[in-house]
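Here's the letter readout for the chains.
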Amino acid sequence: MSTHSITTQKVNFRVFRFNAGDDYLPYYENYTMEVTSEEVVLDILNRIKWDFDGSFSYRRSCRHGICGACAIKVNGRSTLACKESMTTMIDWFGTDLTLEPLSIKRAVKDLIIDKGDFWKKHDAIHPYLISHIDEHPEMECAVTPEQADELNDADLCIQCGACHYACPVVEVNEDFFGPAAFAKAYRFEADVRDDAHITRLEELHEEKQGLWDCVKCFECAEVCPKEVNPIDKITKLHQMLFKEGVATSNVATRHAVGFKHSIAKHGVLDEGGLVLYSEGPAIIKHIPVALKMFRKGKIVMPWAIPKSDNLDEIQQLIKSSSTVKF
Amino acid sequence: MKKLKYALFTGCTAKQSTPEQLMSTYAVAKKLNIELIELTEASCCGASHLQDFDDFLSLVLNARNIAYAEKHGLTMVTICNTCQLNTAMTKHRLDHNSKLKAKVNEKLNEVGLEYKGTSTITHFLYAIIDDFGLDKLKEMVVTPLSKFNIAPFYGCHNIRPSELQNETHKTKENPYNPTSLDDLIIACGGKNVDYEQKNKCCGFHVELQAPHTAAVLTGNAIAGAVDQNADWMVTPCPLCHLKLDTQADHASKAIGREVELPVLHMQQMVGLALGCSSEELGLKHHVAEVNFI
């Protein structure tokens, strides 16, 4: 016999309301209700609509964490409403919870947003297999379990947009593809049957829209309800750019490669040297800040850069362990 | 209480552009009777950029750093969020993948080293909270920071990915509602300021390749603290510190309003509460002047 007991707690919900057709500005409605330990966030959305206001609008469909329709923000955290338990939300944030759309600036009606930018970026990375298959093949196209493993977790993405609208770069740079599109791109880049590796990578390499604008904040990994871990895929795509020879010399690629050169020379990083290596002549734009730092004793001269003890070990390991050339 | 002793992985920044961070780390350790054995053999962790270029090389180099902590038989303590992430991530991957560990050890053996997986890794912030204890710290405060509204800025790589960081810190941190730095401020007698950007990205890692993005994120962070009447900000990450302390001009232009605040390392804040002098804490090294002492 189960010993599990259902508990209840009173929770105050502050809910984003906005109707683009009628309202000039959004506003918030407050709803207080007893929440049971069995409920998920979607249950609360349903109860607001059914018990308080039938006009309250949000997206929902499968209720099984598959369709990705019901992603919203709870206290600023992207959340798939049908998957996230209220118990977890209360544990994390207490009993005052704010329910908002994934993106306030894209709100259409209450928690429903216009995901047009998300789908545009999703489509831009050619999210399908591009393969030149012989019409009359002599044998099947075999994929080993190990090869399939390379893309399996990326394949779990349900395009809910949780990571996309949690990404701080998406908010700042409208050209940036965003973590969901990168995870989808990886799904096909890692597919041994795909013939468009280079073309897709070239697009992902482009400044402003591409991989190099990722700030590495791990928000995408944190919020993904399917554990796709987009930042892990972004890192793997970075590595592919170098391995496939797509990476061209620019400030971002030199910044990555410069670490190896600096470690080989000093063990530690030569911070000023790295900026010079990455920027080239454009380093001139950093001079005003560098002067301020210099005056405060925050810059070490090139001849005084510290070196790691046992530097010969580090140099030997770099020589024997390097797997990529650029 | 048994004397705490750690293998200190300084990272690169504390030896160059944030010398005050290393000074204040040692000053605080001395006050708290914590012994630090500096890993002078350690190399750069790759800062998440070498990892974009050569993943295996970064694993080998980070494993080498941990191997030196293991030789001392000590927990490794970091003072940089990004060093913390890259080192902890390396440990996680090697401890959960015996083939990868063997491959890395094949290389380390060339220089007479072995990664065993015996040393744990923590950040100095969590060493103070988890191992030293905030109650004990409170008892040692001689100059409570009660005059100040202090805005905590957590930095990404100490709190995300939470699964990894919860493996290394005893304090289980919710990345959407982190408390460690707030708790530390309160333990030092200060008033913690709550603001939306406290757990957001400062933009450091795209400073060169996407300067506008970086500047907006920095500006939003400082503005968030200013809008909540913070007197100063405090961070456990020297990279966040550099961004917030030295880039206020760019950030102000990017967000269209003048914002600047002193940004202290968390070691400096603790040191002030413990009665360390401004010289010991290196307060003269800040670009955004620390003018309240």
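These numbers come from a predicted model, not from an experiment.

Visitor: Break down the pattern of salt bridges for me, with residues and values.
Guide: Across all of its chains, the model carries 35 salt bridges over all chains by this definition. With a shortest N-O distance of 2.9 Å, A:Asp191 and A:Arg187 are connected by a salt bridge. Of the two residues, A:Asp191 and A:Arg187, neither departs from the other in class, the shared state being buried. For B:Lys91, the salt bridge identified is with B:Asp95, shortest N-O distance 2.9 Å. Residue B:Lys91 and its partner B:Asp95 are both found in helix 4 (residues 81-95); the two are separated by 4 residues, about one turn of the helix. Three or more residues are tied together by salt bridges with common partners; here these are A:Arg17, A:Asp53, A:Lys109 and A:Asp110.

Visitor: Please give an account of the packing of helix 6 (residues 179-189) of chain A against helix 7 (residues 197-205) of chain A that cites residues and values.
Guide: All names here are of chain A. Close contact between helix 6 and helix 7 brings their axes to 10 Å; oriented N to C, the two are set at 160°. Judged by the inter-axis angle, helix 6 sits roughly antiparallel to helix 7. Handedness of the helix 6/helix 7 crossing: left-handed. Residues Phe182, Ala185, Phe188 and Glu189 of helix 6 form the contact with helix 7, whose participating residues are His197, Arg200, Leu201 and Leu204. A class-by-class count of the residues in the contact of helix 6 with helix 7 yields 5 nonpolar, 1 polar and 2 charged.

Visitor: Run through the domain arrangement of chain B, naming residues and quoting values.
Guide: All names here are of chain B. Split into domains, chain B comes out as domain 1 (5-123) and domain 2 (134-285). Of note, the centres of domain 1 and domain 2, computed from C-alpha atoms alone, are 23 Å apart. Here domain 1 and domain 2 share an interface that buries about 2600 Å² over both sides, 64% of which is from carbon and sulfur atoms. Ranking the residues of domain 1 by area buried against domain 2 places Glu20, Lys31 and Asn81 at the top, with a combined share of 23%. Those elements that place two or more of their residues in the side of domain 1 that touches domain 2 are helix 1 (19-31), helix 4 and strand 4 (121-123). No other element matches the 9 residues that helix 1 contributes to the side of domain 1 that touches domain 2. Split by residue class, the side of domain 1 that touches domain 2 holds 12 nonpolar, 15 polar and 2 charged.

Visitor: Before we move on, can you summarise the interface of chain A and chain B with the specific residues and values?
Guide: In this assembly, 63 residues from chain A lie in contact with 71 residues from chain B. Carbon and sulfur atoms supply 60% of the area that chain A and chain B bury against each other, a total of about 5700 Å² over both sides. On the chain A side of the interface with chain B, the three residues burying the most area are A:Lys216, A:Lys296 and A:Lys298, jointly 12% of the side's total. Linking chain A with chain B are 7 salt bridges. For B:Asp52, the salt bridge identified is with A:Lys216, shortest N-O distance 2.6 Å. Elements represented by at least two residues in the side of chain A that touches chain B include exactly helix 2 (86-93), helix 5 (168-172), helix 8 (219-223), helix 9 (230-243), helix 10 (251-266), helix 11 (271-279), helix 12 (287-295) and helix 13 (311-321) of chain A. Broken down by element, the residue count for the side of chain A that touches chain B peaks at 8 residues, all from helix 10 of chain A.

Visitor: Any details on the sheet that holds strand 2 (residues 27-36) of chain A? Residues and values, ideally.
Guide: All names here are of chain A. Strand order in this open sheet of 5 strands is 2-1-5-3-4, and the pairing throughout is mixed. Of all strands in the sheet, those with a lone pairing partner are strand 2 and strand 4 (77-80), marking the two edges. This sheet shows a mean twist of 35° between the axes of neighbouring strands, independent of strand direction. Here helix 1 (residues 41-52) sits on the sheet and contacts strand 1 (8-17), strand 2, strand 3 (71-74), strand 4 and strand 5 (96-100); the angle it forms with strand 2, its principal contact strand, is near 110°. In the packing of helix 2 onto the sheet, the strands contacted are strand 1, strand 2, strand 3, strand 4 and strand 5, and the crossing angle to strand 5 comes to about 115°.

The rules we used
Residues numbered from 1 in each chain as written. Chains lettered and ligands numbered in written order. Predicted model: local features only at pLDDT ≥ 70, side-chain atom pairs only at ≥ 80, totals over all residues. Heavy atoms only, no water. Salt bridge = Lys/Arg side-chain N within 4 Å of Asp/Glu carboxyl O. Buried < 20%, exposed > 50% of the residue type's maximum accessible area, 1.4 Å probe, protein only. Helix = DSSP H or I, 4+ residues; strand = E, 2+ residues; numbered from the N terminus. Axes fitted to C-alpha atoms, helices over the stretch in contact; angles between N-to-C directions. Parallel < 35°, antiparallel > 145°, perpendicular 65-115°, else oblique. Left-handed = near helix turned anticlockwise from the far one by under 90°. Contact = heavy atoms within 4.5 Å. Nonpolar A, V, L, I, M, F, W, Y, C, P; charged D, E, K, R; others polar. Domains from an automatic or database assignment. Buried area = accessible area lost by both parts, 1.4 Å probe. Pairing = 2+ DSSP bridges.

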